[in-house]
Structures are given as structure tokens and as C-alpha cells.
Amino acid sequence: MISSPEAAKLVLVTRAHLFKPTFPASKERMLGKQAIFFHQGDYHTKLRKLVLRAFMPESIRTIVPDIESIAVGMMKSWEGQLINTFQEMKTYAFNVALLSIFGKEEVLNREDLKKCYYILEKGYNSMPINLPGTLFHKSMKARKELAQILANVISIQRQMKHNQRNLLGSLMSDKEGLTDEQVADNIIGVIFAARDTTASVLTWILKYLAENPSVLQAVTEEQEEIMREKCGGEKVLVWEDTKKMPITSRVIQETLRVASILSFTFREAVEDVEFEGYLIPKGWKVCHFLETSITVQTIFQSQKSLIPQDLRWLQNPIHFMPFGSGTHTHVQGMS
Ligand code: HEM
């Protein structure tokens, strides 16, 4: 287990080639062996390029109004209801993920895909015992059905042959030559990467805002001001508006620091590595505990409470890495 920012830099950045990503074999089978997380080298570089391309501002700016519409629709459905915030945020994150992966066109049966994915994810952390009745068995069955659903979508898309800016379009672009299995594994991989992380940060933001009325008021005023500035017509949020939210952005960043959404990154030493007098033997697992880097008391006023004004990590990114660092760092854009 490593926790200092210096050790993290060694493992994730400067000597990243000596530490390969590692996950339980069962997780690889569930997500798909061709998914981005499990690879290094040329194939990994190519996938990063394709995934990044789908989440660049030019690609996602057109879907901002649709993302807003998903959020507004969900909020309306909560009126007068008692809700489980995390579950609702998971639904929201899933719907936004589908929008950014497949676009608005009805190329797939969303309900079937949802049903299978929800069964699959229940088994992500299950014991890998593949016997009828076990969570793992149900998950693997759902994974097969999911592969079939995606194979149909990919086949329809190949016949339609038009270039799209979404993730499916990017992964299927002719010159990249990915197989159907590679495309499907990376679609499931991105849903996996996007869903619980996004739902978790949104849930923490709501909790912290409820606990800090003055911050909630500042965020509300900032959002209302953006809507007030829009003259006439339908008041729809657009990409440019997202650049006029300094207070909201600070609250998001501070929440990412305080709540520490992903606790660990997982690597395995591919050869013996020495660090500050310690030997990390070949084959040993190396977990970087992200939380310790971003709550260092000497750097931040508070370890565990929300202080949106405290932005000193921006001057020292090594102490703020909620998205990891180095070759496998999170794909910025959607988040
Ligand atoms: C606030 C929410 C999120 C947090 C805190 C987060 C955090 C992270 C972290 C720490 C890693 C690095 C893991 C490692 O080094 O082993 C990572 C990787 C990744 N993230 Fe995110 N993530 C978030 C949301 C998303 C979303 C919405 C997407 C959808 C595009 C996404 C896609 C990915 C992908 C594809 C990788 C793997 C990159 C690679 O292996 O090269 N993440 N994320």
C-alpha cells in the first residue's frame, strides 16, 4: 500500500512502465478482456485516443441541453416523493452515459440494455463461483446477453455507416479497425467507469450543499443568474454556460477532494523496484491510496470538511489527484 504523493508519482507516472494495471480475473471477465483498463502499450494508447475523442468539448458540447433535460425530467419525477439519492444519481449517470455513448438516435433497446447491465453490476464484487443461483453466475449470464445486444447495435451501425461524434462512432471509425468484441468491451467498460463515480460525487455534493446553506445559496444564485441572462425563448443550458460557473466548479472540486470518490488505483510490479530504501518485489500488488494525497493536513485547512475557498491544490496538482495520474489517468471531459 502506498500513500505518499511521491510514491504515487513513481508508480503512476515516472516509472509507470514498471507497474501494470491489475484487476481480479473475474472483473476482467465481467467487463470484457479488451477493455481499456487492463492494457498497456499501443492498444491502450489507441483506446485512450478513441475514448478521449468522444469526450472532448467539441463532441459533448452539443449534448449539454439533452443532459439538462435528463436532469430536469428526473427532478420533476421526484416531486412529492421520498427518494434514495444515490440510486437516483446512478439512474441519472446511466442515462447520461447512454446519451454520450450512443447519441440520441434509437439504435438500441435501452430498457433491455439497462436490465442486463443492472444485473451485471450486482455481481461486480461477488465471489467468482459460477454455479446456478450465485450472483456471479447471474452476472455472467447478463454479460452474455449484453454482448448480444451490443453486437446487434454494432451491426446496425456498420450498415448505416455514418460518422458520429459519440463513443460508439469513435470506437467504430473505419480506420481504427477495432473488432466488435473490442468495441463492446469498451462500451461496457466506460459505463462501469462513469456510473458509480459520477453518482457518488453528485450524492456527496448534495449532502455538502445541504450542510452548508451559505454555499448552497451562492451556487443557487450563480445558476439563477445564468438563466436570468438568457433573453426570450426557451431557457436552455448550453456549453458556454458551463464556463460561467466558478462557484459551482469550486464546490465540485472541493467535493472531489473531501469525499475521495475512488479510494485506490491497482497496479502490479513487473520487475523488482526500489523506492526510498524499500524493495517492491516483482509480482507484488501496489495499491495507491488516493485519499491520503488529497487530504494532507499540512496542505489543506481541513481534512474532511468542505471549504470551497481552499483551492491551494490547484497550485500543487500532486496533492490533488481524484482522477489518478499518468498513463491510466481518468479520461477528462464528461466528468
Ligand atoms: C467524478 C467522477 C470520476 C472519478 C472520480 C474518476 C476517477 C478515475 C480514476 C482515479 C481513474 C484512474 C484509475 C487508475 O489509474 O487505475 C479513472 C480512469 C478512467 N476513467 Fe474515470 N472517474 C470519474 C468519472 C468518469 C467518467 C464519467 C468516465 C466516462 C468517460 C470515466 C472514464 C474513465 C476511463 C475510461 C478510465 C480508464 C483510463 C485508462 O485506463 O487509461 N471516468 N477515473
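Keep in mind the model is a prediction, meaning the values are calculated, not measured. (Residues numbered from 1 in each chain as written. Predicted model: local features only at pLDDT ≥ 70, side-chain atom pairs only at ≥ 80, totals over all residues. Heavy atoms only, no water.)

(A) Quick peek at the overall build of the chain. On a plain count of helices and strands, the chain comes out with 13 helices and five strands. Among the 335 residues that make up the chain, the fraction classed as buried is 46%. Contacts spanning at least 24 positions in sequence make up 68% of the contacts within the chain whose residues lie at least 6 apart. When the accessible surface of the chain is split by element, carbon and sulfur atoms take 57% of a total near 17800 Å². (Helix = DSSP H or I, 4+ residues; strand = E, 2+ residues; numbered from the N terminus. Buried < 20%, exposed > 50% of the residue type's maximum accessible area, 1.4 Å probe, protein only. Contact = heavy atoms within 4.5 Å. Areas by Shrake-Rupley, 256 points an atom, 1.4 Å probe, with all protein chains shown as cover.)

(B) Local environment of the pattern of salt bridges. Applying the stated criterion across every chain, the model contains 15 salt bridges. Between glutamate 121 and arginine 195 there is a salt bridge whose closest N-O contact spans 2.6 Å. Of this pair, glutamate 121 sits in helix 7 (residues 110-122) while arginine 195 sits in helix 10 (residues 180-211); the two residues are 74 residues apart in sequence, bridging distant segments of the chain. Residue glutamate 121 is classed as buried on the basis of its relative accessible area, which comes to 17%. Note that arginine 143 and aspartate 185 form a salt bridge whose closest N and O atoms lie 2.8 Å from each other. Taken together, the positions of arginine 143 in helix 8 (residues 135-160) and aspartate 185 in helix 10 put the pair 42 residues apart, joining distant regions of the chain. Classification of arginine 143 as buried rests on a relative accessible area of 8%. (Salt bridge = Lys/Arg side-chain N within 4 Å of Asp/Glu carboxyl O.)

(C) Highlighting the pairing of strand 2 (residues 264-269). Direction of pairing for strand 1 (residues 19-21) relative to strand 2: antiparallel, over a ladder of three bridges. Bridged to phenylalanine 19 within strand 2 is alanine 269. Pairing geometry for strand 2 and strand 5 (residues 285-289), over five bridges, is antiparallel. What sits directly across from threonine 265, in strand 5, is histidine 288. (Pairing = 2+ DSSP bridges.)

(D) Examining unusual backbone geometry more closely. If you check the backbone angles, serine 260 has positive phi at about 45° while not being a glycine. Among the residues examined, serine 260 registers a relative accessible area of 6% and is labelled buried. Positive phi values are uncommon outside glycine, yet glutamate 276 reaches one of about 45°. In this structure, glutamate 276 sits in the loop between strand 3 (273-275) and strand 4 (278-280). With relative accessibility at 62%, the residue glutamate 276 sits in the exposed group.

(E) Summary view of the packing of aromatic side chains. Tallying each qualifying case throughout the model produces 12 aromatic pairs. Seen in terms of ring centroids, tyrosine 124 and phenylalanine 192 are 5.1 Å apart; in terms of plane orientation they differ by 80°. Their pairing is edge-to-face. Here phenylalanine 192 lies in helix 10 and tyrosine 124 lies in the loop between helix 7 and helix 8, a separation of 68 residues in the sequence. (Phe/Tyr/Trp six-rings, centres within 6.5 Å; stacked < 30°, edge-to-face > 60°.)

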